Amino acid sequence: METLSAVNSNSVPSLSLVGRRIVVTGASSGIGRATAVALSQLGASVIAVGRNPARLNQTMITMQPGGHSSYLLDLAEDIDALPGVVSEWARNHGPFSGLVHCAGIEMTLPVRQMDAVSLNKIMRVNTGAALMLVKGMCQKGNYDRPCSVVMISSVAALTGQPAHSAYSASKGALSAMSRSLAMELARKHIRVNTVCPGQVATEMDETVRAKLGSEKYESIIAAHPLGLGRPIDVVGAIAFLLSDASSWITGTDLIVDGGFTAQ
Amino acid sequence: MMNIKKFRNEIENIIECKVGSLHGGEMLSELEDWDSLAVLAFIAMIDKNFGIILDAEKITNCKTVDDLGALLGDLISRK
């Protein structure tokens, strides 16, 4: 007969994030803001990081109360400084149970117009900053066990679109990088995964819509069998990857795209 | 500020035609390489030079090369 403790150890893992301290970048808008708000509702204490003071403040107001903090930071400004910044946050608040890297930029640029400045910019923000944040996160004293890192990648890491070569490169690199980080950090009990959203209605998406025009944009929506995503549609996957319910998942891309890549 | 000659040169670069070959009155629909990718390249060029994201639909409503310049109003000098 199983003992009570054995039964408990086999019980369904919880999605609760009570008592978890989680850094969310890109928290001033879009998926980042929705993530910060949802994690606060799941009981986490959120360190919200963003560039826009007014919008970041709006995120803080929208969150459920719970010992949250916010930091204004442009991640692209000095990525070498990011590990030290994470250590400072850990000194201020205590070690972290998770990181969600939502900050990123979109770039729709045909290859003929590509230049080193544009390429370096998107790689620095979408990929380099993510790596340096993890460098800070995995330092002794900066993380708690269990710890989970979730990178917001994209279906652009998996599929091709015209004028998206640099964006796809940055997200493909982010996904590939996350797999290696998962292997390297498993010994520290830090899991690393990505979420790959399809087209999601965010502020960034408004720019995409303007650039592409209604007709092209409608064709992209039509390519999503479940329709255009909302930030909240992506948040469930992020919360799952942060929680104990995903404790045996690391180094994977979780595609959340309304069926876009299933075709 | 960008002058109209430089502006046309930028479009010549986008559609890969000879520098100095555009004079402004050309119909976009008759330019072989003016297509959806060229529109994206044009939007990127304007964003890079002026920090403005033009709406693709405004661009597709333009008939001539100089109509594109007119979208930018005073930001393009006519000299």
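Novice: Which residues make up the overall build of chain A, and what are the values?
Specialist: Broken down by element type, chain A carries 9 helices and 7 strands. Principal-axis analysis of the C-alpha atoms gives chain A an extent of 65 × 45 × 35 Å. Going through the 263 residues of chain A one by one, you find that 50% of them count as buried. In chain A, the proportion of contacts linking residues at least 24 apart, taken out of those at least 6 apart, comes to 71%. Each charge class in chain A was averaged separately, 21 positive and 19 negative side chains, and the resulting centres sit 5 Å apart.

Novice: Lay out the interface of chain B and chain A in plain terms, naming residues and giving numbers.
Specialist: Listed as interface residues are 14 residues of chain B and, on the opposing side, 15 residues of chain A. Contact between chain B and chain A buries roughly 1100 Å² in total, counting both sides, with carbon and sulfur atoms accounting for 61%. Our count for the contact surface shared by chain B and chain A stands at 2 salt bridges. Residue Arg112 of chain A is joined to Glu16 of chain B by a salt bridge in which the shortest nitrogen-to-oxygen separation is 3.6 Å. Our count for the contact surface shared by chain B and chain A stands at 4 residue pairs in polar contact (both at pLDDT 80 or more). Of all the secondary structure elements, the ones that give two or more residues to the side of chain B that touches chain A are helix 1 (4-14), helix 2 (36-50) and helix 3 (56-60) of chain B. Its residues assigned to classes, the side of chain B that touches chain A shows 9 nonpolar, 1 polar and 4 charged.

Novice: So, the sheet that holds strand 7 (residues 253-256) of chain A: which residues are in play, and what are the values?
Specialist: Residue and element names in this part refer to chain A. Taken in spatial order, the 7 strands of this open sheet run 3-2-1-4-5-6-7, and their pairing is parallel. The strands lining the two open edges of the sheet, one partner per strand, are strand 3 (69-72) and strand 7. Mean inter-strand twist for the sheet, computed between neighbouring axes without regard to direction, equals 15°. Summarising the sheet, strand 4 (residues 96-101) and strand 5 (residues 143-152) pair through 5 bridges and their orientation is parallel. Residue pairing across strands places Gly98 opposite Ser148, the latter belonging to strand 5.

Novice: So, the pattern of salt bridges: which residues are in play, and what are the values?
Specialist: All names here are of chain B. Following the criterion strictly, the structure yields 8 salt bridges over all chains and no others. When the shortest N-O distance is used, the salt bridge between Asp66 and Arg8 registers 3.0 Å. A residue pair is termed long-range when its members are at least 10 positions apart, and Asp66 in helix 4 (residues 65-70) and Arg8 in helix 1 qualify at 58 residues. Its relative accessible area of 24% is what places Asp66 among the partly exposed residues.

Parameters and conventions
Residues numbered from 1 in each chain as written. Chains lettered and ligands numbered in written order. Predicted model: local features only at pLDDT ≥ 70, side-chain atom pairs only at ≥ 80, totals over all residues. Heavy atoms only, no water. Helix = DSSP H or I, 4+ residues; strand = E, 2+ residues; numbered from the N terminus. Buried < 20%, exposed > 50% of the residue type's maximum accessible area, 1.4 Å probe, protein only. Contact = heavy atoms within 4.5 Å. Lys, Arg positive; Asp, Glu negative; His and termini not counted. Charge placed at Lys NZ, Arg CZ, Asp CG, Glu CD. Buried area = accessible area lost by both parts, 1.4 Å probe. Salt bridge = Lys/Arg side-chain N within 4 Å of Asp/Glu carboxyl O. Polar contact = N/O pair within 3.5 Å; in protein donor to acceptor, adjacent residues only side chain to side chain. Nonpolar A, V, L, I, M, F, W, Y, C, P; charged D, E, K, R; others polar. Pairing = 2+ DSSP bridges. Axes fitted to C-alpha atoms, helices over the stretch in contact; angles between N-to-C directions.

Just distances and angles here, no functional claims.
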